[in-house]
Amino acid sequence: MAEVTLRVWRGDASGGDFENYVTTQNEGEVVLDLIHRIQATEAPDLACRWNCKAGKCGSCAAEINGKPRLMCMTRMDQLPEGPVTVTPMKTFPIIRDLVTDVSFNYAMAEKVPAFLPPPMPEGGYRMYQEDVERGQEFRKCIECFMCQDVCHVIRDHEENKVNYAGPRFFIRYAELEMHPLDQNDRRDLVREDMGLGYCNITKCCTEVCPEHIKITDNAIIPLKERVVDAHYDPVAWLGRKIRRKTKVSAADAAIQPAP
Amino acid sequence: MTVTYEHHDYDVLIIGAGGAGLRAAIEAKQQGLSVALITKSLLGKAHTVMAEGGMAAAMGNVYAEDNWMVHFRDTMRGGKYLNNYRMAEIHAKEAPDRVLELEQWGALFDRTKDGKILQRDFGGHRYARLAHVGDRTGLELIRTLQQKVVSMGTDVFMECKVLKLVHDDEGKIAGCVAYRRPTGEFVTFGAKAIILATGGAGKSWKFTSNSWEGTGDGHAMALWAGAELIDMECIQFHPTGMVWPLSVRGLLVTEGVRGDGGVLRNSEGKRFMFNYVADMFRAETAETEEEADKWYDDHSAGRRPPELLPRDEVARAINAEVKAGRGSPHGGVYLDIASRRSAEFIRRRLPSMYHQFMELAGVDITKEPMEIGPTNHYIMGGVKVDADTAHTSVPGLFAAGEVAGGMHGANRLGGNSLSDLIVFGRRAGMGAVEYIQGGAAVGAMRRDEIDAAIAEAVAPFDVEEGENPYDIQRDLQEMMQANVGIIRTASELEDAIAQLDVFTERVKNIKVKGGRAYNPGWNLATDLPAMLTVSKCVALGANLRKESRGGHTREDFPKADAHFGTFNLAHQSQGGNWDSPIVTNESPLLPVPEELKALLEEGK
């Protein structure tokens, strides 16, 4: 058992400051254990999000010593000695203390045109393991939004949020694009409205991903290639103009009869 | 003076946005009703996300012999026949269609060689039956349903805590009162029907796999609103929770480890489960290690390994080994897959277990055994519902998922929870639609009920000298762990019942510091009444059920008793407040029709 100082940012949208808490640290504890100890003793109103405490839900993202981390998966004994600084994610507006308003991400989720499969044959679809594995990597995403937090396009440029979906949603678009069954074409949308071109592949998102998804290499770069191919290849472009299915809106696709 | 609050009206209101709530929303929305979901957390963070191993459905993709009748039989036997047979029947029949439906909404399950959905072995299931994605099946389920719900344009109220259900003058459900956690502002919802999908109640125990949300809100609100809670004494202690380091004690280790070949060993290195095979499972369980090991590759070459007995049997055995002094250094036993499967196999089949032990415990599960022990995981008990419609005894109130009782009897089989969510989530959605289209005329919400709930919620701010809610929660968890844990006895249960009255007085004396905006101390203060209500029902039921059955084990009554196997214990509130007295009655089980009875006899 050791004593440790946590510097926790406390405040709300109107402003705030660091507060120092001196607390105990036991073997194997993670940053979230110490935040909970502070809540249970001297600061019951210290706001933080958490759910599973097992790295599965992505609720407790914060910046620990300036880096986006899950508080539940960051062991105290693996941080450098000395005070540990805990601040809320910078890219999103503050609600209170370590809790930020992540509604930007939910708004982006609403813009994703729905998954659209062909009618299911008797007994179910046939898909092969090698065909589903690419999508499965992206579906490991726990929506901690740390990739969004660290992405310079929106971290340092609030004005870009209106037309930039961010890494979390680029992997969603890539997943749908690579889904063996999906028939909805979202390539123009990703290029024109979701700001894929703003990403200059610095791989910051890949570095912070707690699920070790290769966001840049396996999602963003292939997505850029597909979007570019579709846009600049005149044959493909003409083909799509002629055969183009009517763009299915999210709402229309969803109202299809219950499968 | 009349205070007005933010107010919304919907046809169907769903409280809880895990698998059951999301599936219910899809159903009601598809039938054209106005629907809203309310969740205490952000969308996509509900407890479903933590489910690992898979969802049970007799699709027959791996063993063509599997069908709904075998699944029904396994579920009833696993539940020690305390189940609502009709729920078990509907569940077994409908689960395969619900799994296929998820693929139509974008889910990507692991595949068999011929491109079908792969199914894995789990405890108590005769055949490999669990559709899965590695060991993150819950994430796949919740994300698929979440994306479907969002694409349909459903209203979702995130980080919103419901305090109480509100009736109309005739006693029908008419809405609820809640507050928004970010601001602390109150909000009222009017609804023609409410579906409870609030999950479980494990947070009243010290060692649990449950998150902060598992405070039994739905169980308690249903009881206060006039519904009955059944089987509350039946609590599932999952055999394999992490035990070390202490900071992660209770965290779930998937049963998939055993399904994929992992075995349990004591400090002497012995596979002790062979010594704990109950009579009812003897005929279908292997007697030697050689026989058990053959079974993994071909289920017709040997009988099942005893490590794959139902969870209640395995948890009791681990408990007994530790008590006998054959435990691991931190009070558990060893779960060993390292010596039995290749590192590549383990990392592919159990990626998040590998990650979890590596990061949190510094243990490489491809090289060393895991230290594990029982952890409070699931409550079989819940709101009594009609099997076909999920309707409770209160008009307009429905319940689905963990908050509903009956489906799993005295013990739930692994994998039957995720399938329960989607089968009965849909049924609840259909039930609510049918109720509304049947012309139920719902009156205005009772103002006095709204005012009382809000007054109660803000009271802790006015207490001059009071207690920190975290102290009360910690003491409650320690008391329930010690007195109403895995092995129970009359003296400890009576002590628990008496102590819960003291806790009630302590909760009335909570002092909350700070304001209402995102204040976890206040949020906890508003969760504690539900935690106490649920704890009381569990303790009362456990004291009255003088036998051992499934997730209820009595040291003083170690055997099952035929008489107790004929009824559920049903609790009702006398008064409808959180501190009102609770009365408990015997509620006879539904008689099982002859043709289904024959299925239960088969292979007995």
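What you are looking at is a predicted structure, and each value in this text was computed from that prediction instead of being measured.

K.L.:
Can you explain the overall build of chain A? Please cite residues and give values.
P.N.:
Within chain A one finds 11 helices and 7 strands. Counting over 259 residues, chain A shows a buried share of 44%. Taking the intrachain contacts of chain A between residues at least 6 apart in sequence as the baseline, contacts between residues at least 24 apart amount to 63%.

K.L.:
Before we move on, could you go through the overall build of chain B and cite the residues and values that matter?
P.N.:
The helix and strand inventory of chain B stands at 17 helices and 18 strands. Projecting the C-alpha coordinates of chain B onto the three principal axes gives extents of approximately 75 × 50 × 50 Å. Burial status across chain B gives 62% buried among its 604 residues. In chain B, once contacts between residues fewer than 6 apart in sequence are set aside, the share between residues at least 24 apart is 74%.

K.L.:
If you had to explain the interface of chain A and chain B to someone new, which residues and values would you point to?
P.N.:
Counting from both sides, the interface comprises 52 residues of chain A and, opposite them, 50 residues of chain B. Elements supplying a minimum of two residues to the side of chain A that touches chain B: helix 1 (31-40), strand 6 (94-96), helix 2 (103-110), helix 3 (129-139) and helix 11 (250-255) of chain A. Residue contributions to the side of chain A that touches chain B peak at 5 residues, all from helix 3 of chain A. Looking at the side of chain A that touches chain B residue by residue, the class counts come to 29 nonpolar, 11 polar and 12 charged.

K.L.:
Can you lay out the packing of helix 2 (residues 68-78) of chain B against helix 3 (residues 85-104) of chain B for me, pointing to particular residues and giving the numbers?
P.N.:
All names here are of chain B. Two elements in contact, helix 2 and helix 3, have axes whose closest approach is 8 Å; the angle formed by their N-to-C orientations is 140°. On the basis of their axis angle, the class for helix 2 and helix 3 is oblique. Remark: the crossing between helix 2 and helix 3 carries right-handed chirality. Of the residues in helix 3, those in contact with Trp68, His71, Phe72, Thr75 and Met76 of helix 2 are Tyr85, Ala88, Glu89, His91, Ala92 and Lys93.

K.L.:
Tell me about the environment of Glu290(B), residues and numbers included.
P.N.:
Residue and element names in this part refer to chain B. On the secondary structure map, Glu290 appears in helix 8 (residues 289-295). Judged by the 9 C-beta atoms lying within 10 Å of it, Glu290 falls in the exposed class. Along the sequence, Glu290 and Pro305 sit 15 residues apart, while their C-alpha atoms lie 9.7 Å from each other.

K.L.:
Requested: an account of the domain arrangement of chain B, with residues and values cited.
P.N.:
Residues and elements named next belong to chain B. Splitting chain B by domain gives domain 1 (240-376) and domain 2 (447-566). Inter-centroid distance (C-alpha atoms) of domain 1 to domain 2 is 32 Å. On the side of domain 2, 5 residues touch domain 1, which itself brings 5 residues to the contact. In terms of residue count, helix 9 (residues 311-323) provides more of the side of domain 1 that touches domain 2 than any other element does, 4 residues in total.

K.L.:
Break down unusual backbone geometry for me, with residues and values.
P.N.:
With the exception of glycine, the majority of residues adopt a negative phi angle, and the majority of peptide bonds are in the trans configuration. Residues and elements named next belong to chain B. Looking along the chain, the bond that leaves Trp244 and enters Pro245 is cis, with omega of -5°. Mapped onto the fold, Pro245 is located in the loop between strand 11 (235-242) and helix 6 (256-259). Here the phi dihedral of Tyr81 falls at roughly 65°; this positive angle occurs in a residue that is not glycine. Tracing the backbone through its elements, the reader meets Tyr81 in the loop between helix 2 and helix 3. Given 18 C-beta atoms within 10 Å, Tyr81 falls into the partly exposed group.

K.L.:
Quick one: what's the story with helix 1 (residues 19-30) of chain B, residue by residue and with numbers?
P.N.:
Residues and elements named next belong to chain B. Helix length check: helix 1 (12 residues) gives 17 Å between terminal C-alpha atoms against 16 Å at 1.5 Å per residue, within 8%. Within helix 1, 12 of the 12 residues are buried, which leaves it mostly tucked inside the rest of the structure. Where helix 1 ends, the next residue or the one after it, Gly32, has phi of about 90°, a positive value.

K.L.:
Before we move on, can you summarise the domain arrangement of chain A with the specific residues and values?
P.N.:
All names here are of chain A. As far as domains go, chain A holds domain 1 (2-100) and domain 2 (103-255). Spacing between the C-alpha centres of domain 1 and domain 2 amounts to 32 Å. Listed as interface residues are 12 residues of domain 1 and, on the opposing side, 13 residues of domain 2. Split into classes, the residues belonging to the side of domain 1 that touches domain 2 amount to 7 nonpolar, 3 polar and 2 charged.

K.L.:
Explain the environment of Arg226(A) residue by residue, including any values.
P.N.:
Residues and elements named next belong to chain A. With respect to the helices, strands and loops of the structure, Arg226 is situated in helix 9 (residues 215-232). Each C-alpha atom, one on Arg226 and one on Glu177, is 8.9 Å from the other, the two residues being 49 residues apart in sequence. Once residues within four sequence positions are removed from consideration, Arg226 is found in contact with Glu177 and Arg187.

K.L.:
How would you sum up the nonpolar core? Please name residues and give values.
P.N.:
Residue and element names in this part refer to chain B. Membership of the largest hydrophobic core comes to 252 residues, with the highest contact counts inside it found for Leu13, Ile194, Ile195, Phe398 and Ala400. Counting residues per element, this core draws most heavily on helix 16 (residues 520-544), which supplies 13 residues. The contacts of Ile194, once residues within four sequence positions are left out, are Leu13, Ile15, Leu165, Ile173, Cys176, Gly396, Leu397 and Phe398.

K.L.:
I'd like a rundown of the confidence of the model for chain A, residues and numbers included.
P.N.:
Of the residues in chain A, 90% have a pLDDT of 70 or more, and the chain-wide mean is 91. Within the model, the stretch residues 244-259 of chain A combines pLDDT values under 50 with 22 contacts to residues more than four positions away or in other chains.

K.L.:
Quick rundown of the sheet that holds strand 13 (residues 333-336) of chain B? Include the residues and the values.
P.N.:
All names here are of chain B. Spatial strand order, 11-14-13-12: 4 strands in an open sheet with antiparallel pairing. Of all the strands in the sheet, the pair left with one neighbour each is strand 11 and strand 12 (263-265). Adjacent strand axes in the sheet meet at a mean angle of 45° when their direction is disregarded.

K.L.:
Give a detailed account of the confidence of the model for chain B, specifying residues and quantitative values.
P.N.:
In the predicted model, chain B carries a mean pLDDT of 96, and 99% of its residues have values of at least 70. Under the prediction, the complex receives an ipTM of 0.94, its pTM being 0.95.

K.L.:
Before we move on, could you go through the pairing of strand 4 (residues 67-70) of chain A and cite the residues and values that matter?
P.N.:
Residue and element names in this part refer to chain A. Across 4 bridges, strand 3 (residues 61-64) lies against strand 4 in antiparallel orientation. Counted as the bridge partner of Ala62 is Arg69 from strand 4. Following strand 3, the chain reverses through 2 residues before pairing antiparallel with strand 4; Asn65 in that reversal takes a positive phi of roughly 50°.

K.L.:
Any details on the pairing of strand 1 (residues 6-15) of chain B? Residues and values, ideally.
P.N.:
Residue and element names in this part refer to chain B. Pairing geometry for strand 1 and strand 9 (residues 186-196), over 9 bridges, is parallel. Directly across from Ile14, in strand 9, lies its bridge partner Ile195. Here strand 1 pairs with strand 2 (residues 35-38) via 4 bridges, running parallel. Bridged to Ile15 within strand 2 is Ile38.

K.L.:
Give a detailed account of the sheet that holds strand 3 (residues 55-56) of chain B, specifying residues and quantitative values.
P.N.:
All names here are of chain B. What the 3 strands build is an open sheet, ordered 3-5-4; its pairing is antiparallel. For this open sheet the edge positions go to strand 3 and strand 4 (119-120), each flanked by a neighbour on one side alone. For strand 4 and strand 5 (residues 130-131), the ladder comprises 2 bridges, and the chain directions are antiparallel. For Gln119, the partnering residue across the bridge sits in strand 5 and is Ala131.

K.L.:
Explain the packing of helix 14 (residues 469-483) of chain B against helix 15 (residues 490-507) of chain B to me, using residue names and the numbers behind them.
P.N.:
Packed helices, taken two at a time, are described by their axes: the angle between them and the distance between them. All names here are of chain B. Packing of helix 14 against helix 15 brings their axes to within 10 Å, and their N-to-C directions diverge by 170°. If you check the angle between helix 14 and helix 15, you find them roughly antiparallel. In this structure, helix 14 uses Ile472, Leu476, Met479 and Asn483 to contact helix 15, whose residues at the interface are Glu492, Leu493, Asp495, Ala496, Gln499, Phe503, Arg506 and Val507.

K.L.:
Now, about the environment of Asp420(B): what can you tell me, with residues and values included?
P.N.:
All names here are of chain B. Following the sequence through the fold, Asp420 ends up in helix 12 (residues 416-437). In this structure, the C-alpha to C-alpha distance between Asp420 and Ala88, residues 332 residues apart in sequence, is 9.2 Å. In this structure Asp420 touches His91, Gly401 and Met407, once residues within four positions along its chain are discounted.

Calculation criteria
Residues numbered from 1 in each chain as written. Chains lettered and ligands numbered in written order. Predicted model: local features only at pLDDT ≥ 70, side-chain atom pairs only at ≥ 80, totals over all residues. Helix = DSSP H or I, 4+ residues; strand = E, 2+ residues; numbered from the N terminus. Buried ≥ 20, exposed ≤ 12 C-beta atoms within 10 Å, placed from the backbone. Contact = placed C-beta atoms within 7 Å. Nonpolar A, V, L, I, M, F, W, Y, C, P; charged D, E, K, R; others polar. Axes fitted to C-alpha atoms, helices over the stretch in contact; angles between N-to-C directions. Parallel < 35°, antiparallel > 145°, perpendicular 65-115°, else oblique. Left-handed = near helix turned anticlockwise from the far one by under 90°. Domains from an automatic or database assignment. Expected span 1.5 Å × (residues − 1). Core = buried A, V, L, I, M, F, W, Y, C linked by C-beta atoms within 7 Å. pLDDT = per-residue confidence, 0-100. Pairing = 2+ DSSP bridges.

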